[in-house]
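Structural description and commentary
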Amino acid sequence: MVLNVNQLTKKYGKHTAVDNISFSLEKGTITGLIGPNGAGKTTTIKCLTGLLRPTQGTVSILGKEISRIETRTYIAYIPEMPDIYPMLTVWEHMQFIAYAFGLDNWKAKAESLLVQFDLSEKRNELCKNLSKGMTQKVSILCGLLHNPQVIFVDEPMIGLDPKAIRELKKIFCELKEEGKTVLISTHLLDNAESFCDSVIIMKKGKAVWAGAVDKLKSEFGHTQQSSLEDVFLEVTDDDSV
Ligand SMILES: Nc1ncnc2c1ncn2[C@@H]1O[C@H](COP(=O)(O)OP(=O)(O)O)[C@@H](O)[C@H]1O
Ligand SMILES: [Mg+2]
């Protein structure tokens, strides 16, 4: 397993935002971390990336604790609000990241990412002039420059138009083909269903269900034609879980 989460709990004061969750991610897969607003998705991702210290539990990536600084080089974290500098160009962003990570020979990788993300024509454009979708792509592109093995993406589809969403899905699928492991948080279920191998459903800090989408449907007595949304609402509405 590429990532192991063991009994992770995160409290903010007395409030338990993430409540004793455990799961593993396999290499070359896309997993959707889904749940309503406030379920604890962002807090989970921040614990998995080492940005927040868990109250309890452990997170390891490729066998190493996330608290060890070298583990951070295995991962990319793409936050919900892209951390983009408006007065830098697309290419300058990559230069900046390369210097920050101390990367050698990054230019060929940067060039190929520009082509893959269809941003070659925008390489010298200031980021303040880019659309929301392009800004999101620059944010992801910067995250990939150091060749991470695990990519955490928090709510990437919000505010994007259908074309940008389709492009992003294609990029995530390509990452998977390259053998990367991708965890995407989203409350937009129709998105999750179309490209995730499996899902983890969160509700009030707990992981209430985890597994493949087709298994989820059959377990809850739905046909494969019913939407993930129908099943999701059933899973998260049931107060016994
Ligand atoms: N910095 C914080 N301080 C206190 N409470 C927080 C903080 N961040 C999030 N929370 C609370 O933790 C819970 C989970 O939030 P979050 O992880 O952002 O959920 P999601 O990403 O699923 O919407 C919510 O009840 C939220 O209000
Ligand atoms: Mg969130």
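Everything below is about the structure shown above.
The following paragraphs examine the structure supplied in this document.

The rules behind each value
Residues take numbers from 1 onward in each chain, read along the sequence in its written order. Here every chain gets a letter starting at A, and every ligand a number starting at 1, in the order they are written. Owing to the predicted nature of the model, reporting of local features is limited to residues with pLDDT of at least 70; listing and counting of side-chain atom pairs is limited to 80 or more, with chain, interface and lining totals taken over all residues. Helix and strand definitions follow DSSP, with helices as H or I runs of at least four residues and strands as E runs of at least two, each counted in order from the N terminus. Radius of gyration: over C-alpha atoms. The globule rule applied is 2.2 Å multiplied by the number of residues raised to the 0.38 power. Whether a residue is buried, exposed or partly exposed follows from its count of other C-beta atoms within 10 Å of its own C-beta, namely 20 or more, 12 or fewer, or something in between, respectively; the C-beta atoms are built from the backbone. Strand pairing is defined by DSSP finding a minimum of two bridges between the two strands. Throughout, an axis means a line fitted to C-alpha atoms (over the contacting stretch in the case of helices), and angles, computed between N-to-C directions, take values from 0 to 180 degrees. This entry defines residue contacts through backbone-placed C-beta atoms, with two residues in contact when those atoms are within 7 Å. Multiplying 1.5 Å by the helix residue count minus one yields the expected span of that helix. Defining nearness, a residue is near a molecule or strand when the C-beta atom obtained from its backbone falls within 6 Å of it. Charged means Asp, Glu, Lys or Arg here, nonpolar means Ala, Val, Leu, Ile, Met, Phe, Trp, Tyr, Cys or Pro, and polar covers whatever is left, Gly included.

Within the protein, the secondary structure is distributed over eight helices and 10 strands. Against the globule reference of 18 Å for 241 residues, the protein gives a C-alpha radius of gyration of 18 Å, in line with a compact fold. Reported as C-alpha extents along the three principal axes, the dimensions of the protein are approximately 55 × 40 × 30 Å. Counting all 241 residues of the protein, 37% fall into the buried class.

Another aspect to go through is the sheet that holds strand E9 (residues 198–203). The strand order across the open sheet formed by six strands is E6-E7-E8-E3-E9-E10, and the pairing between neighbours is mixed. If you trace the sheet from one side to the other, it starts and ends with strand E6 (75–78) and strand E10 (206–212), each paired once. On average, adjacent strands in this sheet sit at an angle of 15 degrees to one another, irrespective of strand direction. On top of the sheet, helix H4 (residues 132–144) reaches E6 and strand E7 (150–154); it is set at about 165 degrees to E6, its chief contact. Set on the sheet, helix H5 (residues 162–177) makes contact with strand E3 (30–34), E7 and strand E8 (181–186); between it and E8 the angle comes to about 150 degrees.

A few words on the pairing of E10. In this sheet, E10 lies alongside E9 in antiparallel orientation, the contact comprising six bridges. Across the sheet, the residue bridging to Ser 198 is Ala 212, located in E10. Hairpin connection between E9 and E10: a loop of two residues separates the two successive antiparallel strands, and Lys 204 in this loop has a positive phi of roughly 45 degrees.

What follows is about H4. Its 13 residues give H4 an end-to-end C-alpha distance of 19 Å, which sits within 8% of 18 Å, the value for a rise of 1.5 Å per residue. Of all the 13 residues making up H4, 11 are buried; the element is thus mostly covered by neighbouring parts of the structure. Those residues of H4 that fall on the buried side of the exposure criterion are Met 134, Thr 135, Gln 136, Lys 137, Val 138, Ser 139, Ile 140, Leu 141, Cys 142, Gly 143 and Leu 144.

Looking at where Lys 180 falls in the secondary structure, it is placed in the loop between H5 and E8. Residue classification places Lys 180 among the buried residues on the basis of 21 C-beta atoms within 10 Å. Here the alpha-carbon distance between Lys 180 and Phe 220, two residues 40 residues apart in the chain, equals 30 Å.

The next subject is the sheet that holds strand E2 (residues 15–25). Two strands in a sheet stick together by hydrogen bonds in their backbones, pointing the same way (parallel) or opposite ways (antiparallel). The four strands are arranged E2-E1-E4-E5 in an open sheet whose pairing can be described as antiparallel. Of all strands in the sheet, those with a lone pairing partner are E2 and strand E5 (64–65), marking the two edges. Two elements, strand E4 (residues 56–61) and E5, share two bridges in a ladder whose sense is antiparallel. Looking at E5, one finds that Ser 60 is bridged to Glu 65. Against the sheet, helix H1 (residues 41–48) touches strand E1 (3–12), E2 and E4, its axis set at about 60 degrees to E2.

Let us look at the site of ligand 1. Close to ligand 1 lie Tyr 12, His 15, Ala 17, Gly 35, Asn 37, Gly 38, Ala 39, Gly 40, Lys 41, Thr 42 and Thr 43. Mapped onto the shell around ligand 1, the elements with two or more residues apiece are E2 and H1. When residues in the shell around ligand 1 are grouped by element, the largest group, three residues, is from H1. Among the residues making up the shell around ligand 1, the classes are represented as three nonpolar, seven polar and one charged.

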